[in-house]
Amino acid sequence: MSVKIKDMPDIDYVLPGSAACAGCPSAIALRIVGKALGENAIMVMTPSCAVASIGLLPKSCYSIPVLNICFASAGASGGGLTLALDALYEKGRLQGEKPTVFTWIGDGGTYDIGLQGISAAAERNDDFIHFCYNNEAYSNTGVQRSGATPLHAVTTTTPLGKEVARKNVPLLMLEHRIPYMATASLAYPLDLYRKVEKAKSVKGFKYIEILSPCSPGWKFAASDTVELSKRAVKSGSWLLWEAEYGKLTLNNPTRLLAEGKTQPIPVEEYLKDQGRYARLLKHPQKEEYLAAIEAEIRRELTFMADRAKL
Ligand SMILES: Cc1ncc(C[n+]2csc(CCOP(=O)(O)OP(=O)(O)O)c2C)c(N)n1
Ligand SMILES: [Mg+2]
């Protein structure tokens, strides 16, 4: 069923007074996610901007219960919490609808520090949703590179630009063949909302990754978070898709790009307003580098279109 913006409930997980930066993609995403999950939910977080945004106790900007745990234990904590709830229902100590347990973790926590625990929870098919808000860096500690940082991007630990490509964790999760997984973008909120509703309705392990342009980290104007999210998708730099038990479906506009029905915007349109690529765009070999990035985008689109046929 299609959803309209005006149909979304008023519930808001992110209350006024959040310490997040203006235009923070985690806060924007969490507002949409909250509307889809509703208030009967428990959020598990690892160290990140989303945790720092809570502010100082006794105040908290999140309107649902939050469990703040250490990096490596996201998978074990999400799994343990959901099993503990099941046990309480079995003993009759809880009644009514089971709360949705979800982890809200950055790319550092997902791609690098917590990967084995998340992979293990996926393999056990633990009943919770893992969200990765991917801002392509360890933003909270001063924008160090992560496994999700793309090739050539400048971070504080890659001052000359990252020399290796990012990992493809969504593809890795796809091959865990979990009940449901999806990628999403802030520029397509109804697509994100629908995917979260779907994840909520499915039992077992679910994974949703949201590209999260970070204005201080990527060095662009705070008002452009959503615009850059859109350009990422339209250039083919970020692909929108979902999968049930490994059966992949590309979502528009990515599907139209993969089928050659629309042309991607030049990747320079996506990179040009991001200070982290200023060095690349001034480089004498700029054209060569951009051509290589576009070739990689075409390769991935072809690969995913073929994978969707399986
Ligand atoms: C085991 C461990 N290593 C390092 C840190 C320091 N630390 C706190 S937040 C953070 C960055 C996390 O990056 P990410 O998960 O991408 O979230 P973001 O800050 O980008 O929101 C790091 C490295 C820590 N708290 N614990
Ligand atoms: Mg991050």
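Structure report, in brief. Keep in mind that what you see is a predicted model, and the values were worked out from it rather than measured. (Residues numbered from 1 in each chain as written. Chains lettered and ligands numbered in written order. Predicted model: local features only at pLDDT ≥ 70, side-chain atom pairs only at ≥ 80, totals over all residues. Heavy atoms only, no water.)

**Points about empty space enclosed by the protein**
The condition is simple: Two kinds of site are reported from a 1 Å grid over the protein atoms alone, namely cavities, where a 1.4 Å probe fits but cannot get out, and pockets, open sets with protein on both sides within 12 Å along at least five of seven lines, and residues are called lining when an atom falls within 4 Å of a point. Grid points are joined across faces, edges and corners, and a volume is the space filled by probe spheres set on the points. Secondary structure elements are defined from DSSP: runs of H or I of at least 4 residues count as helices, runs of E of at least 2 residues count as strands, and each element is numbered from the N terminus. Amino acids outside the nonpolar list (Ala, Val, Leu, Ile, Met, Phe, Trp, Tyr, Cys, Pro) and the charged list (Asp, Glu, Lys, Arg) are all regarded as polar, and Gly is one of them.
Under the counting rule described, the total for this entry stands at 1 cavity of 30 Å³ or more. Estimated volume of the largest cavity: approximately 40 Å³. Around the largest cavity, the lining residues are V14, S18, A20, C24, S26, A27, L30, A50, S53 and Y62. Here the element with the most residues in the lining of the largest cavity is helix α1 (residues 25–37); it accounts for 3 residues. Of the residues belonging to the lining of the largest cavity, the class tally is 7 nonpolar, 3 polar and no charged.

**Describing the packing of α1 against helix α7 (residues 189–201)**
Packed helices, taken two at a time, are described by the angle between their axes plus the distance between the axes. Here is the rule: Under this scheme, a helix contributes an axis fitted over its contacting stretch, all axes are lines through C-alpha atoms, and angles between N-to-C directions fall in the 0 to 180 degree range. Working rule for angles: under 35 degrees goes down as roughly parallel, over 145 as roughly antiparallel, 65 to 115 as roughly perpendicular, anything else as oblique. By the definition used in this description, the sense in which the near helix is turned from the far one sets the handedness, with an anticlockwise turn below a right angle giving left-handed and a clockwise turn giving right-handed. Residue contacts are counted whenever heavy atoms from the two residues lie within 4.5 Å of one another.
Contact geometry of α1 with α7 gives a least axis separation of 8 Å together with a crossing angle of 45°. The orientation of α1 with respect to α7, classified from their angle, is oblique. You can see that α1 and α7 cross each other, and the crossing is right-handed. Seen from α1, the contacting residues are A29, I32, V33, K35, A36 and L37; seen from α7, they are P189, L192, Y193, V196, E197 and K200.

**Section: the side chain of T110**
What counts, and what does not: By the criterion applied in these results, polar contacts are pairs of N or O atoms within 3.5 Å in which, for protein atoms, one can donate a hydrogen and the other can accept it, and in which residues neighboring in sequence qualify only through two side-chain atoms.
As for its position among the elements, T110 is in helix α4 (residues 107–113). At 2.8 Å, the side chain of T110 and the backbone oxygen of G106 are in polar contact.

This is a description of form; function is not addressed.
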